Structures are given as structure tokens and as C-alpha cells.
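If you want the building blocks of each chain, they are given just below.
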Amino acid sequence: MVTIENYIGGGMVQPASREYLDNFEPATGTVYSQIPDSDDRDVNLAVDAARTAFPGWSLTPPEARFEILMRLVSLIERDAEELARAESIDNGKPLSLARVMDIPRAASNFRFYATAAMHMANESHETVGQAINYTLRQPLGVVGCISPWNLPLYLFTWKIAPAIAAGCTVVAKPSEVTPMTAYMLSTLCIEAGMPAGVLNIVHGLGPKVGASIVAHRDVKAISFTGGTKTGEDIARTAAPMFKKLSLELGGKNPNIIFADCNYDQALETTVRSSFANQGQICLCGSRIFIERPIYERFKNDLVSRALEMNIGDPLDEATNLGAIVSEPHMQKILSYIELARSEGGTVLTGGNQVTLNGRCANGYFVEPTVIEGLSHDCRTNQEEIFGPVVSLMPFDDENEVINYANSVRYGLSATVWTENLSRAHRVSALLESGIVWVNCWLLRDLRTPFGGVKDSGMGREGGFEALRVFTEEKNVCVKI
Ligand code: NAD
């Protein structure tokens with residue numbers, strides 16, 4: 001059994017407590033590795049290492065940072081298959097998905113920011129006849145990066161890469177539910193020659209390790225992706241210390257399908273946006289609004305497609321739907337399906353836990369579930385479920401569906417299907433959402449800003465926005 005260790009000051013370190021937590025393989029329901037049960041002492045050690053490394057790293061030219069980050073890219077690509085397999089075992093996602101999405105994107109995150117940092121420019125303003133002002137953009141110092149379990153290495157690196165590229169040093173915490181690829185990354189950092197203390201990875205529980213990173217006086221900024229409730233807790237601690245915050249939180253995303261859409265593409269993509277990664281992508285469209293003339297046809301086709309999905313061992317190439325990440329999360333999903341029933345919803349397909357044979361007999365599997373007959377404002381349609389569960393609702397006109405879509409506390413992403421160009425722009429502008437996809441889903445250009453509105457978070461990551469998160473502007477005014 002693998003025993004994961006913290007990565008602090010350039011080496012692998014046991015937790016101060018010498019205590020470890022069980023790490024489960026969700027497809028089998030068995031413990032397959034141990035992770036450090038770290039606490040304040042480990043976080044203090046990591047912050048000290050990061051603080052020591054900061055003066056040297058922040059003065060390292062971007063070209064030299066680029067060289068190190070690109071070595072890491074090569075190593076991730078070299079070990080891509082091993083990392084994809086580890087991600088699949090740790091998270092329950094199909095290996096085929098980890099291969100094409102999670103691991104390539106982790107490499108892209110480092111590649112993108114290694115390069116971006118070399119192109120970051122500072123502004124200058126002339127006060128005519130009196131002075132030249134220039135903006136000196138400087139790395140903040142030690143920053144904290146905290147990530148969730150649904151896209152483990154993908155989101156972990158999405159935070160770490162811009163922080164390091166910007167010249168900050170980092171104390172990072174992956175989810176305790178999916179720590180394995182972050183651990184593997186730490187060994188690759190050593191191999192890549194990452195200077196000691198530039199990246200430190202502390203494993204353990206959120207309320208212990210995460211909260212300790214957030215509360216540490218010497219951590220200047222927190223970049224967090226996770227649930228809205230955790231984001232609230234983080235903001236409560238960080239705000240009185242005036243820390244910079246980037247919070248990427250939950251969603252309850254609308255998928256709006258107009259009758260004039262390209263039907264086949266809308267259906268094909270809706271199957272993915274409903275059930276990819278077992279519906280555990282913050283950008284999945286869980287509320288599907290269908291214009292009434294095509295409602296029955298779309299409903300029947302979506303149900304047929306859900307029935308065709310292959311629920312199975314995540315390591316099996318034929319699997320479309322793997323395991324739910326943990327037993328408690330599976331119970332939460334099943335309880336929401338019960339709630340939907342009690343609110344008057346009809347489960348058109350799915351709704352149950354699945355018991356597989358053989359190796360995965362004790363795994364956490366849930367059928368792809370399609371529900372109809374619920375109002376837009378009931379709890380099932382207002383709260384984030386984060387599983388393979390979608391709710392279908394018919395609509396009759398544009399204003400009505402915009403009101404439905406905007407009726408939730410969240411505003412992360414939305415999808416609009418229409419061939420009417422004017423409507424596509426009009427509806428996109430009126431949706432309360434950080435991201436709107438028109439006639440597509442999950443197409444991500446890393447140069448574009450990413451983030452939510454309302455209770456889906458604050459701040460933007462992606463592109464130069466992320467480099468701005470980890471730097472502070474200083475105005476220097478030089479009299480002429
Ligand atoms: P979570 O909030 O429970 O945990 C996220 C991370 O925060 C974990 O590493 C956890 O250990 C840590 N944490 C927990 N309590 C903490 C505390 N008090 N202080 C500091 N850190 C703490 O979220 P999760 O269940 O891991 O992930 C699922 C959630 O993440 C969903 O709500 C999903 O929508 C959201 N998410 C959002 C995005 C986005 O980009 N907006 C992307 C992926 C996931």
C-alpha cells in the first residue's frame with residue numbers, strides 16, 4: 001500500500017503527528033493508500049520553507065522559471081499513462097477520460113503559464129510635462145492554493161502553475177479525497193529540479209490543513225476551488241486579514257435548448273454535459289430547459305442515450321460512467337433523488353445505486369438519472385447535487401427561460417443551443433453567469449477569464465487574470 005508524504009522544502013516529509021488517514025478507491029470501496037493527517041505544525045513548516053524560497057524565486061527571471069516548468073511538462077507527458085491510471089483509481093473517473101482530459105490539461109496548465117509569465121507587460125502613464133508613472137507588478141510572496149476532488153491534478157495545477165510562474169512560492173493542499181496525483185507531482189518536481197520551497201504540498205483534512213493555510217499570517221493570498229460553503233468559511237477568516245482571494249465555487253448550471261437548435265449536436269453534447277465525470281464537473285448542465293415544441297422528442301432521446309451508457313469499472317475501456325468519488329457523496333446524490341421524488345418529480349430513468357459484479361462489487365456507482373415534472377424553484381432545481389442527475393423543464397419563450405435560468409443563487413456557467421445568431425448574443429448577455437457556451441460545452445481557451453458570479457465565487461482565473469491574482473501592482477511616479 002502506498003504511503004503518501006508531504007512535500008516540504010524540496011523533500012518528502014512525514015506529518016508531524018505521524019498519523020495517517022485512509023484513502024479509498026471508489027470503484028472498489030477499499031482502502032488502497034494512506035495520506036498524512038497533517039496539522040498546523042506541517043503548515044507552519046511549509047510556510048517557512050516557502051518564505052525562505054521566495055526572495056530567490058521572485059528574482060529568478062521568467063525565462064529560468066520557464067525552463068523548470070517546461071521540464072515538469074515533459075515529465076508529466078512522459079508519465080501521462082501512469083498519472084491517468086492513478087487519477088482514475090483515486091477518483092473513480094473512467095481511465096479514458098483521465099487520459100484525454102485531466103492529465104493533458106495538467107501539462108497544458110504548466111506550459112501555458114510558463115510562457116504567459118514571459119509576456120506579462122506593465123503599463124506606463126505619462127503625466128504630461130511632469131512625470132512618468134509606471135506600474136510595477138510584483139509577486140505577492142507565499143500564497144495558498146486549495147483544490148477539490150472532481151478534477152484533481154487538472155485543478156491543482158490550474159492554481160499552482162500561475163502562482164509559481166508569477167514568482168510566488170506556494171503552499172498547496174489537494175483534496176484529501178483524491179491526493180494521489182498531487183503526490184506523484186511532488187516526486188516529478190524533485191526530478192525537474194524545482195528549487196526547494198517553491199512548491200510545498202501539505203496533505204490532510206480541509207478544516208485542519210486548509211483552514212490553517214488560510215489563517216496563516218504569512219500567506220498573502222488564497223486561490224480556492226471547491227464548495228460555496230467552504231468558500232464562505234475561507235472568506236470569513238481571510239477578509240479581516242485583507243488577504244487577496246480568488247474563490248471558484250459551486251454551480252447549478254442551466255442548459256437552454258431552443259427549438260431551432262442543431263438537434264443532433266445539442267443532444268450529443270447534452271449527454272456529455274449531463275453525465276461526464278459522473279456529473280461531477282462544476283460546469284455540468286444539471287437544469288435542462290427545452291423549448292416546448294421539441295420537449296417530448298428531446299426527452300425521449302436523452303432517456304434512450306442515458307440507458308445506453310455503460311456503467312462499469314473505471315479502468316475498463318468500454319466504461320462511460322465510472323464510480324462516484326466517495327460513499328458519503330453517493331449517499332448525498334441518492335438523497336437528492338429521493339428529494340426530487342418527494343417534491344413531485346418523475347424519475348424517467350435511473351435513480352438507483354448500481355451494484356456491479358467482480359472487482360467493483362463494493363464500489364459507489366449511481367445510474368445516470370433524468371427527472372421531469374419539477375418547478376424551477378424547488379430545492380432539487382436550486383441546490384447543487386454534483387452527480388449524474390439532471391432535471392428537464394419545458395419553456396415557451398425567451399424571457400421566461402432567462403428568468404428560470406437566473407433564479408438560482410449560483411452563476412457559474414450556462415449553455416445555449418440556438419441557430420438564431422441574434423438570440424444567441426441577446427440571451428448570453430442576460431444570463432447571470434461567468435461563462436456562457438453557445439452551441440458547445442466545455443470548450444476552454446486558457447487565455448480567457450474563468451470564474452463565477454453570485455454564489456459561484458469571486459475573482460477570475462485563466463489567462464493573464466490568474467497572473468494578476470498572484471501579483472500586486474505598485475505605482476512608481478518618477479518626476480521628469
Ligand atoms: P470542498 O469545499 O469540500 O473542498 C475543497 C477543498 O477545500 C478540499 O481540498 C478541502 O479539503 C478543502 N477544505 C475543506 N474545508 C476547508 C476549510 N474550512 N478551510 C480551507 N479549506 C477547506 O469541495 P469538494 O467537495 O472537494 O468539491 C466539490 C465542489 O467544488 C462543488 O461544489 C463544485 O461545484 C466545486 N467546484 C467548483 C469549480 C469552479 O471552478 N467553480 C471547479 C470544481 C469544483
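Before reading further, recall that the structure is shown in the block above.
Residues numbered from 1 in each chain as written. Predicted model: local features only at pLDDT ≥ 70, side-chain atom pairs only at ≥ 80, totals over all residues. Heavy atoms only, no water.

## Observations regarding the overall build of the protein
1) Next: In terms of helices and strands, the protein carries 14 helices and 25 strands.
2) Next: Taken over the C-alpha trace, the protein has a radius of gyration of 23 Å; the compact-globule value for 480 residues is 23 Å, and the two agree within 12%.
3) Next: Projected onto the principal axes, the alpha-carbon positions of the protein cover approximately 70 × 65 × 40 Å.
4) Next: Taken across its 480 residues, the protein has 60% of its residues classed as buried.
5) Next: Total accessible area computed for the protein in this model is approximately 18,300 Å², and 53% of it derives from carbon and sulfur atoms.
6) Next: Here the protein holds 42 positive side-chain charges and 56 negative ones, and the gap between their average locations is 5 Å. (Helix = DSSP H or I, 4+ residues; strand = E, 2+ residues; numbered from the N terminus. Rg over C-alpha atoms; globule rule 2.2 N^0.38 Å. Buried < 20%, exposed > 50% of the residue type's maximum accessible area, 1.4 Å probe, protein only. Areas by Shrake-Rupley, 256 points an atom, 1.4 Å probe, with all protein chains shown as cover. Lys, Arg positive; Asp, Glu negative; His and termini not counted. Charge placed at Lys NZ, Arg CZ, Asp CG, Glu CD.)

## Notes on the site of the ligand
1) Next: The environment of the ligand is made up of 29 residues, and the closest members are Ser147, Glu176, Thr230, Leu249 and Glu384.
2) Next: In this structure, an oxygen atom belonging to the ligand sits 2.8 Å away from a main-chain N or O atom of Gly227.
3) Next: Thr230 places a polar side-chain atom, nitrogen or oxygen, 2.6 Å from an oxygen atom of the ligand.
4) Next: Summarising the interface, the protein chains cover 88% of the accessible area of the ligand, which totals 850 Å² for the free molecule. (Near = heavy atom within 4 Å. Polar contact = N/O pair within 3.5 Å; in protein donor to acceptor, adjacent residues only side chain to side chain.)

## Quick notes on the layout of surface pockets
1) Next: For the largest pocket, the calculated volume is near 1,200 Å³.
2) Next: Lining the largest pocket are 48 residues, and of these Trp149, Ser175, Glu176, Gly227 and Thr230 lie nearest its centre.
3) Next: Elements that contribute at least two residues to the lining of the largest pocket include exactly β4 (20-25), α7 (206-215), β11 (219-225), α8 (228-238) and α11 (327-342).
4) Next: Element by element, the count of residues in the lining of the largest pocket is highest for α8, at seven residues.
5) Next: Of the residues assigned to the lining of the largest pocket, the class counts are 22 nonpolar, 15 polar and eleven charged.
6) Next: Considering only enclosed or pocket space, the second largest pocket measures out at about 350 Å³ in volume.
7) Next: Lining the second largest pocket are 18 residues, with Leu97, Val271, Arg272, Ala276 and Trp441 positioned closest to its centre. (1 Å grid on protein atoms, 1.4 Å probe; cavity = no way out; pocket = protein on both sides within 12 Å on 5 of 7 lines; lining within 4 Å. Points joined across faces, edges and corners; volume = space filled by probe spheres on them. Nonpolar A, V, L, I, M, F, W, Y, C, P; charged D, E, K, R; others polar.)

## Focus: the nonpolar core
1) Next: Core analysis: the largest hydrophobic core is formed by 81 residues, its most contacted members being Phe110, Ile164, Val170, Leu185, Met194, Leu199 and Leu283.
2) Next: Each residue touching Val170, except ones within four places of it in the same chain, is listed here: Ala50, Val143, Cys145, Ile160, Ala163, Ile164, Val198, Leu199 and Asn200.
3) Next: Grouped together as the second largest cluster of nonpolar side chains are 28 residues, Leu267, Phe275, Leu356 and Trp417 included. (Core = buried A, V, L, I, M, F, W, Y, C linked by side-chain atoms within 4.5 Å. Contact = heavy atoms within 4.5 Å.)

## Let's talk about the packing of helix α9 (residues 263-275) against helix α10 (residues 295-308)
1) Next: The interhelical angle for the contact between α9 and α10, taken along N-to-C directions, is 50°, at an axis separation of 10 Å. Considering the angle they form, α9 stands oblique to α10. The chirality of how α9 crosses α10 is right-handed. On α10, the residues touching Tyr263, Ala266, Leu267, Glu268, Thr270, Val271 and Phe275 of α9 are Arg297, Phe298, Asp301, Leu302, Arg305 and Ala306. (Axes fitted to C-alpha atoms, helices over the stretch in contact; angles between N-to-C directions. Parallel < 35°, antiparallel > 145°, perpendicular 65-115°, else oblique. Left-handed = near helix turned anticlockwise from the far one by under 90°.)

## Some thoughts on the pattern of salt bridges
1) Next: Scanning the model with the defined rule gives 34 salt bridges in all.
2) Next: A salt bridge links Glu77 to Arg111, with the shortest nitrogen-to-oxygen separation between them at 2.5 Å. Of this pair, Glu77 sits in helix α2 (residues 62-78) while Arg111 sits in helix α4 (residues 95-116), and the two are 34 residues apart along the sequence.
3) Next: The class of Arg111 is partly exposed, set by a relative accessible area of 32%.
4) Next: As a salt-bridge pair, Arg359 and Asp313 come within 2.8 Å of each other at their nearest N and O atoms. Of the two residues, Arg359 sits in the loop between β16 (353-354) and β17 (365-366) while Asp313 sits in the loop between α10 and α11, which places them 46 residues apart along the sequence.
5) Next: Residue classification places Asp313 among the buried positions, given a relative accessible area of 19%.
6) Next: Through salt bridges with shared partners, a single network forms among Lys229, Glu232, Asp233, Arg236, Arg409 and Asp455. (Salt bridge = Lys/Arg side-chain N within 4 Å of Asp/Glu carboxyl O.)

## A look at empty space enclosed by the protein
1) Next: Taken as a whole and assessed by the stated rule, the structure comprises three cavities of 30 Å³ or more.
2) Next: Taken as a whole, the largest cavity holds about 140 Å³ of empty space.
3) Next: Every residue lining the largest cavity is counted, 15 residues in all, and those nearest its centre are Leu155, Trp158, Cys282, Leu283 and Phe450.
4) Next: Ranked by residues supplied to the lining of the largest cavity, first place goes to helix α5 (residues 152-165) with three residues.
5) Next: Residues of the lining of the largest cavity, tallied by class, amount to nine nonpolar, two polar and four charged.
6) Next: Considered as a void within the structure, the second largest cavity measures approximately 120 Å³ in volume.
7) Next: Contributing to the lining of the second largest cavity are 16 residues, with Gly279, Ile281, Cys284, Ser286 and Phe386 lying nearest its centre.
8) Next: At the level of elements, β14 (285-291) and β19 (389-395) are the ones that each hand at least two residues to the lining of the second largest cavity.
9) Next: Among the residues making up the lining of the second largest cavity, the classes are represented as seven nonpolar, seven polar and two charged.

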